[in-house]
Amino acid sequence: EADIYQTPRYLVIGTGKKITLECSQTMGHDKMYWYQQDPGMELHLIHYSYGVNSTEKGDLSSESTVSRIRTEHFPLTLESARPSHTSQYLCASSVARGWVTEAFFGQGTRLTVV
Amino acid sequence: GENVEQHPSTLSVQEGDSAVIKCTYSDSASNYFPWYKQELGKRPQLIIDIRSNVGEKKDQRIAVTLNKTAKHFSLHITETQPEDSAVYFCAAIFHGGGADGLTFGKGTHLIIQP
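Just so we're clear, the structure is a prediction, and the values are computed from it rather than from any experiment. (Residues numbered from 1 in each chain as written. Chains lettered and ligands numbered in written order. Predicted model: local features only at pLDDT ≥ 70, side-chain atom pairs only at ≥ 80, totals over all residues. Heavy atoms only, no water.)

Undergrad: Any chance you could break down the overall build of chain A for me, citing the residues and the numbers?
TA: When helices and strands are tallied, chain A shows zero helices and eleven strands. For chain A, the sequential pattern of α-helices and β-strands runs β-β-β-β-β-β-β-β-β-β-β. Computed over C-alpha atoms, the radius of gyration of chain A comes to 14 Å, within 12% of the 13 Å expected from 2.2 N^0.38 for 114 residues, which places it in the range of a compact globule. If one aligns the C-alpha atoms of chain A with their principal axes, the spans along those axes are about 45 × 30 × 30 Å. (Helix = DSSP H or I, 4+ residues; strand = E, 2+ residues; numbered from the N terminus. Rg over C-alpha atoms; globule rule 2.2 N^0.38 Å.)

Undergrad: Could you give an account of the overall build of chain B, naming the residues involved and the relevant values?
TA: Scanning chain B from terminus to terminus reveals zero helices and ten strands. Listing each helix as α and each strand as β along chain B from the N terminus yields β-β-β-β-β-β-β-β-β-β. In terms of overall dimensions, chain B is globule-like: its C-alpha atoms have a radius of gyration of 14 Å, near the 13 Å expected for 114 residues. With respect to the three principal axes, the spread of C-alpha positions in chain B is 45 × 30 × 20 Å. Put simply, chain B has 114 residues, and 46% of those count as buried. Long-range contacts, defined here as pairs at least 24 residues apart, represent 54% of the contacts in chain B between residues at least 6 apart. When the accessible surface of chain B is totalled, it reaches about 5,600 Å², and 47% of it is carbon and sulfur. Put simply, chain B has 11 plus and 13 minus side-chain charges, and the middle of one group is 3 Å from the middle of the other. (Buried < 20%, exposed > 50% of the residue type's maximum accessible area, 1.4 Å probe, protein only. Contact = heavy atoms within 4.5 Å. Areas by Shrake-Rupley, 256 points an atom, 1.4 Å probe, with all protein chains shown as cover. Lys, Arg positive; Asp, Glu negative; His and termini not counted. Charge placed at Lys NZ, Arg CZ, Asp CG, Glu CD.)

Undergrad: How would you summarise the sheet that holds strand E8 (residues 76-78) of chain A if you had to cite specific residues and measurements?
TA: Residue and element names in this part refer to chain A. Read across the sheet, four strands follow the order E1-E3-E8-E7 without closing on themselves; strand pairing throughout is antiparallel. Only two strands of the sheet have a single partner each, and these edge strands are strand E1 (4-7) and strand E7 (64-66). Taken over all neighbouring pairs, the strand axes of this sheet differ in orientation by 15° on average, direction set aside. (Pairing = 2+ DSSP bridges. Axes fitted to C-alpha atoms, helices over the stretch in contact; angles between N-to-C directions.)

Undergrad: Just give me the short version of the sheet that holds strand E1 (residues 4-7) of chain B, but keep the residues and values in it.
TA: All names here are of chain B. Spatially, five strands are ordered E1-E3-E8-E7-E6 in an open sheet, and the strand pairing comes out antiparallel. Edge positions in the sheet fall to E1 and strand E6 (56-59), since each of these pairs with one other strand and no more. Across this sheet, the average inter-strand angle for adjacent strands is 15°, counted without regard to direction.

Undergrad: Please give an account of the interface of chain B and chain A that cites residues and values.
TA: Contact with chain B, which involves 24 residues of that partner, is made by 25 residues of chain A. Of the roughly 2,100 Å² buried at the junction of chain B and chain A (both faces included), carbon and sulfur atoms supply 56%. Arg43 of chain B is paired through a salt bridge with Asp3 of chain A; the nearest N and O atoms lie 3.2 Å apart. Residue assignment for the side of chain B that touches chain A shows that the elements contributing at least two residues are strand E4 (32-38), strand E5 (45-51) and strand E9 (86-90) of chain B. Among the elements that take part in the side of chain B that touches chain A, E5 of chain B stands out by supplying four residues, more than any other. Looking at the side of chain B that touches chain A, its residues break down into eleven nonpolar, seven polar and six charged. (Buried area = accessible area lost by both parts, 1.4 Å probe. Salt bridge = Lys/Arg side-chain N within 4 Å of Asp/Glu carboxyl O. Nonpolar A, V, L, I, M, F, W, Y, C, P; charged D, E, K, R; others polar.)

Undergrad: Tell me about the confidence of the model for chain B, and please be specific about residues and values.
TA: With 94% of its residues at a pLDDT of at least 70, chain B reaches an overall mean of 92. Averaged over each element, pLDDT in chain B is lowest for E5 of chain B (94) and highest for strand E2 (residues 10-14) of chain B (98). (pLDDT = per-residue confidence, 0-100.)

Undergrad: A description of the pairing of strand E7 (residues 62-67) of chain B should follow, citing residues and the corresponding values.
TA: Looking along a regular strand, one sees side chains alternate from face to face of the sheet. All names here are of chain B. In terms of strand pairing, E6 meets E7 through four bridges, oriented antiparallel. Its bridge partner lying in E7, Asp59 is registered against Ile62. Connecting E6 to the antiparallel partner E7 that follows it, the hairpin turn spans two residues, and Gln60 within it adopts a positive phi of roughly 60°. Bridging between E7 and strand E8 (residues 72-77) involves six bridges; their strand directions are antiparallel. Following the sheet pairing, Ala63 is matched in E8 by His76. In this antiparallel pair of consecutive strands, E7 and E8, the connection spans four residues, and Lys71 shows a positive phi of 55°.

Undergrad: Which residues make up the packing of aromatic side chains, and what values do they have?
TA: The final tally for this structure, using the stated rule, is twelve aromatic pairs over all chains. Seen in terms of ring centroids, Phe105 of chain A and Phe104 of chain B are 6.0 Å apart; in terms of plane orientation they differ by 50°. Their pairing is tilted. With Phe105 of chain A in strand E10 (residues 100-105) and Phe104 of chain B in the loop between E9 and strand E10 (108-113), the pair connects residues from two separate chains. On the basis of relative accessibility, which here comes to 2%, the residue Phe105 of chain A falls in the buried class. Summarising the aromatic geometry, the rings of Tyr36 of chain B and Phe104 of chain B are spaced 5.4 Å apart at their centres and angled 85° between planes, so their arrangement reads as edge-to-face. One end of the pair, Tyr36 of chain B, is in strand E4; the other, Phe104 of chain B, is in the loop between E9 and E10, with 68 residues separating them in the sequence. The two residues Tyr36 of chain B and Phe104 of chain B agree in class, both being buried. The lysine or arginine in question, Arg68 of chain A, covers the ring of Phe74 of chain A, its NZ or CZ lying 5.8 Å from the ring centre. (Phe/Tyr/Trp six-rings, centres within 6.5 Å; stacked < 30°, edge-to-face > 60°. Lys NZ or Arg CZ within 6 Å of the ring centre and 35° of its normal.)

Written out as structure tokens, the structure reads:
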């Protein structure tokens with residue numbers, strides 16, 4: 001089924017560890033995004049990509065990095081996790097159909113850094 | 001880039017009453033205005049949208065209005081029901097342009113009181 005998948009759903013990790021949050025979509029969308037969201041709060045754009053080999057920083061300063069080697073895959077990496085990184089991370093992709101641009105979100109990864 | 005302001009941050013209404021959420025945008029080139037609904041513990045989903053050459057669009061109990069001159073648009077929900085309780089996000093983008101990240105307003109918690 002065409003969808004956008006994030007793994008893991010939940011992650012508890014110690015300070016200083018390196019982690020990678022996975023995001024894959026099977027819809028063939030060129031544009032992909034990473035958002036940071038505390039529960040029920042604002043969606044902060046931290047990274048986005050226009051397509052393969054394209055990555056841009058978003059509005060919120062982030063110590064994470066992303067890569068886009070394949071259309072379907074957009075992983076986010078934290079080289080050294082800190083308690084301030086504790087949050088939910090939502091991956092999304094978007095498609096333009098006629099005059100509509102619709103974003104599809106993954107179910108999110110809830111990260112806790114202890 | 002585009003800046004979207006959303007008000008109020010929290011809105012509590014009695015079941016059956018109407019709810020209105022307002023957004024303003026800064027970039028006069030923006031021509032597409034979607035609204036997303038995020039239920040508790042779930043991912044945001046597109047519920048309605050409007051493009052700049054239309055002043056109003058309705059879909060059953062929800063409607064969106066756009067005032068291009070004033071650069072603001074609003075979401076109207078009539079005859080509110082418990083399942084309308086959620087966080088609502090607006091966005092404003094230049095559809096058909098480059099590939100700026102999809103930037104959302106800060107969100108509105110809509111609480112439907114029984």
